[in-house]
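Take a look at the letters that make up each chain.
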Amino acid sequence: MATAAKAMDGPGQMLEVSVWRGGETGAYRTYAVPRLPSQTVLDVVTHIQRHLDPTLSYRFACRVGMCGSCAMSVNGVARWTCRTTVAKVAAGRRLEIAPLHNLPVVKDLVCDMTVFFDKWKRARGSFSPVAASGGDFAVVRPDSRARRAVDAGIECIGCGVCYASCDIVSWLPDYLGPAALNRAWTLINDVRDGAFRDRLRAVAGDAGCHACHTQMSCTERCPKHISPTAAIAGLKRATALAALRGEL
Amino acid sequence: MRADWHARNHPAYWAFVVHRLSGLLLTLFLPAHFLMLGQALHGEAQLDGLLRWTDAPLVKTAETVLILLLAAHLTGGVRLLMLEFLAWRNWQKALAAIAAGAAIAVGLGFALNVA
Amino acid sequence: MTAAAQTRLWLAQRASAAVLAFCVVVHLAVIIYAVRGGLSAAEILARTQGSLPWAGFYALFVVAVAVHASVGVRAVALEWLHLRGRALGVLVALVAAVLLGLGLRAVWAVYA
């Protein structure tokens, strides 16, 4: 029995892969892909496009877990396909691959990230220097509370996995989302930044941090192990304090 | 495209569902609760008559469920207040489990005493 | 509603949550204690009638619930019913009014 099961999962066996084809409307198409040792989901998608169906559109770049371009929904869960082995997710030799949730579909596995980055801007997720350039270096102690808060969230590469995993994003179209809010929090804590008050105003309210209900799907899924939930909790505290002081 | 249940199958999400559903059900229950207590305006006998109705086993079961909902909403809410105001990340899963355990304990306490 | 106003709503909800944490613990303890050996109107009223501390406690409880539940319902209405603007405001006010009205009436009913 055990030997038979081993043979089932070994090389030479075929994967049944359902891939979303089309735009917002479309259908899943099924492909048979040879199973290989240490195969990743990105390997599977690449095989389909190169050997089975050249019309398949998908996105990738580094393929080694550094850029986040290959993020897709695999069996209903947002993941980096280059860092997801088939062995980990293929339940009974079946895979379902779709574009990232909560984002408009351009074609097949490619989603439109425009609104994701627009919200980044709306959350004032960019640095506004205080001092004119050419002055003295800013002194930032790495073990200070503020810097540790920044460091906890600074590694975000904007892959969209958290955004795709958040229910509030799907329920409230205006919600800025975990990535934008996490970035805003890193800037709120950056002592060199000068847009503190404007940024708090940008992230407060129904479209901002107060819409988060701590579902923590973002934290659960982030491939960089960042916790946007913690960042958003920090924003809640900062905005509440500002509101109480009449500074919001 | 919308996410499905696979993306939601983790403890913090279940905690959210419990908290929201219990909150909604309690909000629906409260007016009935207030109306019943308000019967005391018509005298003690009036209130007592209604209380006799609550002696029925089915009602006692419903009451136990309500107590569970209230306890769950309370413990889940305290967990949220801790997560939001204490920025305490490493213990979240433990918090959810502790909240669930405390709520069940309260529910049991009620069930054993009302029987 | 401005972001600042929405922030204050959030604050009110969390503040009322803290008040309710205290009230509910007391309420649960009283309930579990009181239901032993059955519950009667006489027992309830013996505790609450003419008692200013209990009336004060339950009045605080009712006010906190009215704030907490109405803001909570607001979030649900925004996310699941997609209500906005005026319709949303009316629903929230309605929930608060019903809970406040019926609740304070009940507090009076068992006090007087």
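Our subject is the structure that appears above.
What this report covers is the structure whose coordinates are included nearby.

1. Quick word on the packing of helix H8 (residues 178-188) of chain A against helix H11 (residues 228-244) of chain A
Residues and elements named next belong to chain A.
For step 1, the next point in the chain: At their nearest, the axes of H8 and H11 sit 8 Å apart, and the two run at 60° to each other. On the basis of their axis angle, the class for H8 and H11 is oblique. Crossing geometry of H8 relative to H11 is assigned as left-handed. Two secondary-structure elements touch here, H8 through Pro178, Leu181, Asn182, Trp185 and Ile188 and H11 through Pro228, Ala231, Ile232, Gly234 and Leu235.
For step 2, the next point in the chain: A class-by-class count of the residues in the contact of H8 with H11 yields 8 nonpolar, 2 polar and no charged.

2. Here we look at the interface of chain B and chain A
For step 1, the next point in the chain: Listed as interface residues are 21 residues of chain B and, on the opposing side, 28 residues of chain A.
For step 2, the next point in the chain: The junction of chain B with chain A conceals about 2200 Å² of combined surface from both sides, 56% of it contributed by carbon and sulfur atoms.
For step 3, the next point in the chain: Counting every contact that joins chain B to chain A gives 2 salt bridges.
For step 4, the next point in the chain: With its nearest N and O atoms 2.5 Å apart, the salt bridge here joins Glu84 of chain B to Lys236 of chain A.
For step 5, the next point in the chain: Of all the secondary-structure elements, those providing two or more residues to the side of chain B that touches chain A are helix H1 (11-38), helix H3 (57-86) and helix H4 (92-114) of chain B.

3. A few points about the nonpolar core
For step 1, the next point in the chain: If you look at the biggest cluster of nonpolar residues, it comprises 74 residues, and the most contacted ones within it are Val17, Leu95 and Tyr175 of chain A.
For step 2, the next point in the chain: The contacts of Val17 of chain A, once residues within four sequence positions are left out, are Arg29, Thr30, Tyr31, Val33, Val44, Ile48, Leu95 and Ile97 of chain A.
For step 3, the next point in the chain: Residues Val114 of chain B together with Ala21, Ala66 and Val73 of chain C belong to the second largest nonpolar core, which totals 36 residues.

4. What to know about the pattern of salt bridges
For step 1, the next point in the chain: Throughout the structure, instances matching the rule amount to 21 salt bridges over all chains.
For step 2, the next point in the chain: The closest approach of N and O atoms between Asp198 of chain A and Arg201 of chain A, which form a salt bridge, is 3.2 Å. With Asp198 of chain A and Arg201 of chain A both in helix H9 (residues 196-203) and 3 residues apart, this pair spans about one turn of that helix.
For step 3, the next point in the chain: The class of Arg201 of chain A is partly exposed, set by a relative accessible area of 39%.
For step 4, the next point in the chain: Across the salt bridge formed by Arg20 of chain B and Glu79 of chain C, the nearest N and O atoms sit 2.7 Å from each other. Linking Arg20 of chain B in helix H1 with Glu79 of chain C in helix H3 (residues 52-81), this pair reaches from one chain into another. This pair shows no difference in class: Arg20 of chain B is buried, exactly as Glu79 of chain C is.
For step 5, the next point in the chain: Among the charged side chains, a salt-bridge network with shared partners connects Arg21, Arg29, Asp53, Lys107 and Asp108 of chain A.

5. Examining helix H2 (residues 41-48) of chain C
For step 1, the next point in the chain: For H2 of chain C, the complete set of buried residues consists of Ala41, Ile44, Leu45 and Thr48 of chain C. Down the axis of H2 of chain C, the sector holding all buried residues measures 90°, keeping them to one side.
For step 2, the next point in the chain: Check the buried side of H2 of chain C and you find it contacts helix H2 (44-53) of chain B together with H3 and helix H4 (85-111) of chain C.
For step 3, the next point in the chain: Backbone geometry just after H2 of chain C places Gly50 of chain C at a positive phi near 70°.

6. Some thoughts on the interface of chain C and chain B
For step 1, the next point in the chain: On the chain B side, the residues contacting the 38 residues of chain C number 31 residues.
For step 2, the next point in the chain: Surface buried jointly by chain C and chain B totals about 3000 Å² across both partners, of which 76% is contributed by carbon and sulfur atoms.
For step 3, the next point in the chain: Of all residues in chain C, Leu28, Ile32 and Arg105 of chain C give up the largest surface area on contact with chain B, accounting jointly for 17% of the area buried on that side.
For step 4, the next point in the chain: Joining chain C to chain B, the criterion identifies 2 salt bridges.
For step 5, the next point in the chain: Glu84 of chain B is paired through a salt bridge with Arg14 of chain C; the nearest N and O atoms lie 2.6 Å apart.
For step 6, the next point in the chain: Taken together, the connections running from chain C to chain B amount to 4 residue pairs in polar contact (both at pLDDT 80 or more).
For step 7, the next point in the chain: The element best represented in the side of chain C that touches chain B is helix H1 (residues 3-34) of chain C, accounting for 11 residues.
For step 8, the next point in the chain: In the side of chain C that touches chain B, the residues fall into 30 nonpolar, 4 polar and 4 charged.

7. Let's talk about the side chain of Arg147 of chain A
For step 1, the next point in the chain: The residue Arg147 of chain A is located in helix H5 (residues 145-153) in this model.
For step 2, the next point in the chain: Excluding its chain neighbours within four sequence positions, the residues that come into contact with Arg147 of chain A are Val140, Arg141, Pro142, Asp190 and Arg192 of chain A.

8. As for the packing of aromatic side chains
For step 1, the next point in the chain: All chains considered together, the criterion is met by 17 aromatic pairs over all chains.
For step 2, the next point in the chain: Each ring, one from Trp171 of chain A and one from Phe16 of chain B, has its centre 6.1 Å from the other, and the planes form 35°; the classification is tilted. With Trp171 of chain A in helix H7 (residues 167-171) and Phe16 of chain B in helix H1, this pair bridges two chains.
For step 3, the next point in the chain: Looking at Trp171 of chain A, the relative accessible area reads 11%, which means it is buried.

So, how was this worked out
- Residues numbered from 1 in each chain as written.
- Chains lettered and ligands numbered in written order.
- Predicted model: local features only at pLDDT ≥ 70, side-chain atom pairs only at ≥ 80, totals over all residues.
- Heavy atoms only, no water.
- Axes fitted to C-alpha atoms, helices over the stretch in contact; angles between N-to-C directions.
- Helix = DSSP H or I, 4+ residues; strand = E, 2+ residues; numbered from the N terminus.
- Parallel < 35°, antiparallel > 145°, perpendicular 65-115°, else oblique.
- Left-handed = near helix turned anticlockwise from the far one by under 90°.
- Contact = heavy atoms within 4.5 Å.
- Nonpolar A, V, L, I, M, F, W, Y, C, P; charged D, E, K, R; others polar.
- Buried area = accessible area lost by both parts, 1.4 Å probe.
- Salt bridge = Lys/Arg side-chain N within 4 Å of Asp/Glu carboxyl O.
- Core = buried A, V, L, I, M, F, W, Y, C linked by side-chain atoms within 4.5 Å.
- Buried < 20%, exposed > 50% of the residue type's maximum accessible area, 1.4 Å probe, protein only.
- Arc of directions from axis to C-beta.
- Polar contact = N/O pair within 3.5 Å; in protein donor to acceptor, adjacent residues only side chain to side chain.
- Phe/Tyr/Trp six-rings, centres within 6.5 Å; stacked < 30°, edge-to-face > 60°.

So far we have only geometry, and geometry alone does not tell us how the molecule works.
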